[in-house]
Amino acid sequence: MKIFLDTADLNEIRKGAALGSVDGITTNPSLIAKQGRDFKEMIMEITTIIDGPISAEVTTLTKEEMLRDGREYAKWQKNIVVKLPTTREGVEACKILSDEGIRINMTLCFSPMQALLVAKAGAWCVSPFVGRLDDISSDGVELVSQIVHIYQNYDYKTQVLAASMRTPLHVLQCALAGAHIATMPFKVFDALYDHPLTDKGLKNFLADWEKAKKDMAKSKGK
Ligand code: E4P
């Protein structure tokens, strides 16, 4: 499963890139707004840090506007993926832009039937929002499983990008469900590295090693 960071924070993106396990980036208008900088400038800077797919989301609602903005973003850099909302107009725009060879990430997907429609429209990936479904007592991971199952049934090439990851457990469950990609905040990504038994085991190994070195030095001195 590929790992994307769901952030527009350049420091987090640099830290993730340095760790070497980050395959791409997703942004959304809320994440970009938090940075208080020009949209294009931010996206371009991200493309210089990460070589993989970088999702840039439109903030327009009509098909014509989405076509205009999507074509524009796709020209900026070859690894930009245009993110469109899963609305009627968004799905229409997805079909047209996908036919033109532009990679589309269909966002705000909350049902398996929406996911079926975006696959038929040729989307490069679909983003089911796991955490936001859990927030309203629905099962977000179950949605990911259902989409994976439907895509396998009909051999759709659209990738399932599990979004709105809130915990490492979400990432595990989505990997088990067969998601192709999971996108997560830096905090969740960073936590994937941790295990208390790794820390405890390492501490013990190093303590044993130090003790053995001292014992060897002592016996040489005799
Ligand atoms: C997906 O691409 C979205 O940016 C994101 O995962 C939304 O997550 P949130 O529910 O934590 O805002």
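The model shown is predicted, which means the values in this text are computed figures rather than measured ones. (Residues numbered from 1 in each chain as written. Predicted model: local features only at pLDDT ≥ 70, side-chain atom pairs only at ≥ 80, totals over all residues. Heavy atoms only, no water.)

S.K.: Describe the domain arrangement of the chain, with residues and values.
M.R.: According to the domain assignment, the chain consists of domain 1 (2-191) and domain 2 (195-222). Of note, the centres of domain 1 and domain 2, computed from C-alpha atoms alone, are 47 Å apart. (Domains from an automatic or database assignment.)

S.K.: Break down the packing of aromatic side chains for me, citing the residues and quoting the values.
M.R.: A full pass over the atoms with the stated rule returns eight aromatic pairs. Between Tyr154 and Tyr156, the ring centres sit 6.3 Å apart and the planes meet at 50 degrees, which makes this aromatic pair tilted. Accessibility expressed as a relative area gives 56% for Tyr154, which makes it exposed. Accessibility expressed as a relative area gives 25% for Tyr156, which makes it partly exposed. Three or more aromatic residues joined by ring pairs make a cluster, and in this case those are Phe39, Tyr73 and Trp76. Here the basic side chain of Arg103 rests over the ring of Trp124, its NZ or CZ set 5.1 Å away from the ring centre. (Phe/Tyr/Trp six-rings, centres within 6.5 Å; stacked < 30°, edge-to-face > 60°. Buried < 20%, exposed > 50% of the residue type's maximum accessible area, 1.4 Å probe, protein only. Lys NZ or Arg CZ within 6 Å of the ring centre and 35° of its normal.)

S.K.: So, the environment of Lys203: which residues are in play, and what are the values?
M.R.: Within the element layout of this structure, Lys203 appears in helix α11 (residues 196-221). The sequence separation of Lys203 and Val118 amounts to 85 residues, and the corresponding C-alpha distance is 50 Å. (Helix = DSSP H or I, 4+ residues; strand = E, 2+ residues; numbered from the N terminus.)

S.K.: I'd like to hear about the side chain of Lys83, residue by residue, with values.
M.R.: You can see Lys83 is positioned in strand β4 (residues 80-85). Lys83 gets classed as buried once you look at its relative accessible area, which sits at 4%.

S.K.: Go over the site of the ligand, please, and point to the residues and values.
M.R.: The environment of the ligand is formed by Asp6, Thr26, Asn28, Lys83, Phe129, Arg132, Ala163, Ser164 and Arg166. Residue Ser164 places a side-chain N or O atom 2.7 Å away from an oxygen atom belonging to the ligand. One nitrogen or oxygen atom from the side chain of Arg166 is found 3.0 Å from an oxygen atom belonging to the ligand. Look at the ligand: alone it shows 340 Å² of surface, and the protein chains cover 86% of it. Of the residues belonging to the shell around the ligand, the class tally is two nonpolar, three polar and four charged. (Near = heavy atom within 4 Å. Polar contact = N/O pair within 3.5 Å; in protein donor to acceptor, adjacent residues only side chain to side chain. Areas by Shrake-Rupley, 256 points an atom, 1.4 Å probe, with all protein chains shown as cover. Nonpolar A, V, L, I, M, F, W, Y, C, P; charged D, E, K, R; others polar.)

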